[in-house]
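Examining the three-dimensional arrangement
Here are the chains, one letter per residue:
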Amino acid sequence: MLFHKWSTWRIFLLFLFLFKSGYLWGGQKQINASIAVREMYDDNIYLGSTMEIDDFITLIRPEVNIDVKTERMDFRGGIALNVQRYANESQLNTTDQIYTLTTHFLSSERLNLGLDGRYIKDTTLETELTETGIGLIRTIRKNYSFSPSATYTLSERDSLTITPFYTRTNYQSPDYSDYWVSGVNLNYKHLLSSERLSLIGQAGYNYVKFNPSESIYEGHYHNCQIYGGINYLFSETITMNFLMGLRYTNSKMRYWWYPFIILYKDKTVGWVADTSLSKTYERGSLTLGVRREILPSGWAGQLETNKFYIYFVNKFTERLQGRINISYYKGEYPRPMGMEMSDYSYHTWHIIPTLHYYLMKHLAIELNYSYTSYKSTIHSNRNTVFLGIRWDGQYLWE
């Protein structure tokens, strides 16, 4: 894989080469760069239930994003590092890495081609916990994703988009199963004459394969789903998306129960949904949403998850800005219990408010608090707070 062979700085230099070379010629070029230094206190660094270990952590986060726009192309690339140094638990010292790439190319008047890619190296208590609500024991996680797309404009009011995708997740701990996901989504959109309401139809298929681990011999599942819904523009500042449908999942797992191997087969039908309501205004935005879907996990099985979330951003004054993210997850997953399979449930809360106070145009003080509550076979709480300083700058070229 590219990220095993190339250093962070080589990838950064590649972005700069593309940025300055003829491959990204013309149009407007923009670089956004930032660096933040933070001191954090974490009262439960392992998200433990019986023994909670706290520590102070020094964080250094440099980030560079490149954006190039021409008449026919939009290219965006980003690199972010998060250097973490623990005061006492020094064995946890690590450097998280996030690389992103998004590009769109207007091949013709009707055909728009796209490409999205992402690589994340962090722990199971970072991105995976906040994006899925899954509370795995702390270990290093690497996630790769790649998704090309093609959108064809059938008419002034109709468009068709096909999006193949591939993701792969690897865990350092042998307790969890590495897995990969491949599939394709097909989306049809029709804009009604009012130009406020769009009808949406979507169908998708994905295949998930789990690698052997301490608990599983092998496993996979097939998942098909179909959605129908609308996108409605109430006004220039209020938008609603509503999608609901059905899914069919066919899974086959072989679990270890020494000296036996348990064969588990299951075929299920359920409902899926993705609904959100967004409001933008002069000083910020507010988004409310609900999502129900099937996700894979390091537990080697499909998770049926329900997510409820609120995102709020506001500019209180010219100097003071704030945001708050609130999310709640409720999910179920099958796990072996001796020779039997049992369904377990989990509940996860995230509450994350953040304040930025700008001392000057490009320099701000940051204050962040994060609360996590995870309840499954165990019940854990975690509180973190950090104070930091952040510099950011923007550079433009024509």
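Here the structure is shown first, and the text comes after it.
Here is a short report on the structure shown in this document. Note that this is a predicted model, so its numbers are computed, not measured. (Residues numbered from 1 in each chain as written. Predicted model: local features only at pLDDT ≥ 70, side-chain atom pairs only at ≥ 80, totals over all residues. Heavy atoms only, no water.)

Observations regarding the overall build of the protein chain
Scanning the protein chain for helices and strands turns up three helices and 18 strands. In terms of overall dimensions, the protein chain is globule-like: its C-alpha atoms have a radius of gyration of 23 Å, near the 21 Å expected for 398 residues. Based on the C-alpha atoms only, the size of the protein chain along its principal axes is roughly 65 × 55 × 45 Å. Expressed as a percentage of its 398 residues, the buried residues of the protein chain come to 41%. Across the protein chain, contacts joining residues at least 24 apart in sequence account for 54% of those joining residues at least 6 apart. Here the protein chain has roughly 21,100 Å² of accessible surface; of this, 59% comes from carbon and sulfur atoms. Across the protein chain, the centroid of the 40 positively charged side chains sits 4 Å from that of the 38 negatively charged ones. (Helix = DSSP H or I, 4+ residues; strand = E, 2+ residues; numbered from the N terminus. Rg over C-alpha atoms; globule rule 2.2 N^0.38 Å. Buried < 20%, exposed > 50% of the residue type's maximum accessible area, 1.4 Å probe, protein only. Contact = heavy atoms within 4.5 Å. Areas by Shrake-Rupley, 256 points an atom, 1.4 Å probe, with all protein chains shown as cover. Lys, Arg positive; Asp, Glu negative; His and termini not counted. Charge placed at Lys NZ, Arg CZ, Asp CG, Glu CD.)

Observations concerning the environment of E128
Position of E128 among the secondary structure elements: in helix 3 (residues 127–132). With relative accessibility at 3%, the residue E128 sits in the buried group. Once the C-alpha coordinates of E128 and R141 are considered, the two residues, 13 residues apart in sequence, prove to be 8.6 Å apart. Discounting residues that sit within four places of it in the chain, E128 has contacts with G133, I134, L136, R141, Y171 and Y179. Polar contacts involving the side chain of E128 include one to the side chain of Y171, which spans 2.7 Å. (Polar contact = N/O pair within 3.5 Å; in protein donor to acceptor, adjacent residues only side chain to side chain.)

As for the side chain of N314
Tracing the backbone through its elements, the reader meets N314 in strand 14 (residues 301–315). Its relative accessible area of 12% is what places N314 among the buried residues. Those residues in contact with N314 that sit more than four places away from it in its chain are Y281, R283, G284, Q321 and G322.

Some points on the environment of Q302
Looking at where Q302 falls in the secondary structure, it is placed in strand 14. Using a relative accessible area of 9% as the deciding quantity, one classes Q302 as buried. Here Q302 is in contact with Y221, T249, S251, M253, D266, I294, L295, E332, Y333 and P334, once residues within four sequence places are set aside.

Some thoughts on the pattern of salt bridges
Applying the stated criterion to the full structure yields 13 salt bridges. Across the salt bridge formed by R38 and E366, the nearest N and O atoms sit 2.9 Å from each other. Taken together, the residues R38 in strand 1 (residues 28–42) and E366 in strand 17 (residues 363–375) connect sequence positions 328 residues apart. Each member of the pair, R38 together with E366, is buried. Here R382 ties to D42 by a salt bridge, and the two come within 2.7 Å at their closest N and O atoms. Of the two residues, R382 is situated in strand 18 (residues 379–397) and D42 in strand 1; the sequence distance between them amounts to 340 residues. Of the two residues, R382 and D42, neither departs from the other in class, the shared state being buried. (Salt bridge = Lys/Arg side-chain N within 4 Å of Asp/Glu carboxyl O.)

Topic: the side chain of Q225
Within the element layout of this structure, Q225 appears in strand 10 (residues 216–233). Polar contacts involving the side chain of Q225 include one to the side chain of N223, which spans 3.4 Å. If we skip the residues at most four places from it in the chain, Q225 touches Q202, A203, G204, L246, R247 and V272.

Considerations on the packing of aromatic side chains
Throughout the structure, instances matching the rule amount to 14 aromatic pairs. One aromatic cluster is present, formed by Y99, Y119 and Y144 through successive ring pairs. Here the guanidinium or amino end of K307 rests over the ring plane of Y309, the centre of that ring lying 5.0 Å away. (Phe/Tyr/Trp six-rings, centres within 6.5 Å; stacked < 30°, edge-to-face > 60°. Lys NZ or Arg CZ within 6 Å of the ring centre and 35° of its normal.)

A short note on the pairing of strand 6 (residues 140–153)
Bridge count between strand 5 (residues 111–123) and strand 6: 13 bridges; the pairing is antiparallel. Bridging across to strand 6, T123 finds its partner in I140. Of the pairings in the sheet, the one linking strand 6 to strand 7 (residues 158–171) comprises ten bridges and is antiparallel in character. Along strand 7, the bridge assignment pairs F146 with Y166. Between the antiparallel neighbours strand 6 and strand 7 lie four residues. (Pairing = 2+ DSSP bridges.)

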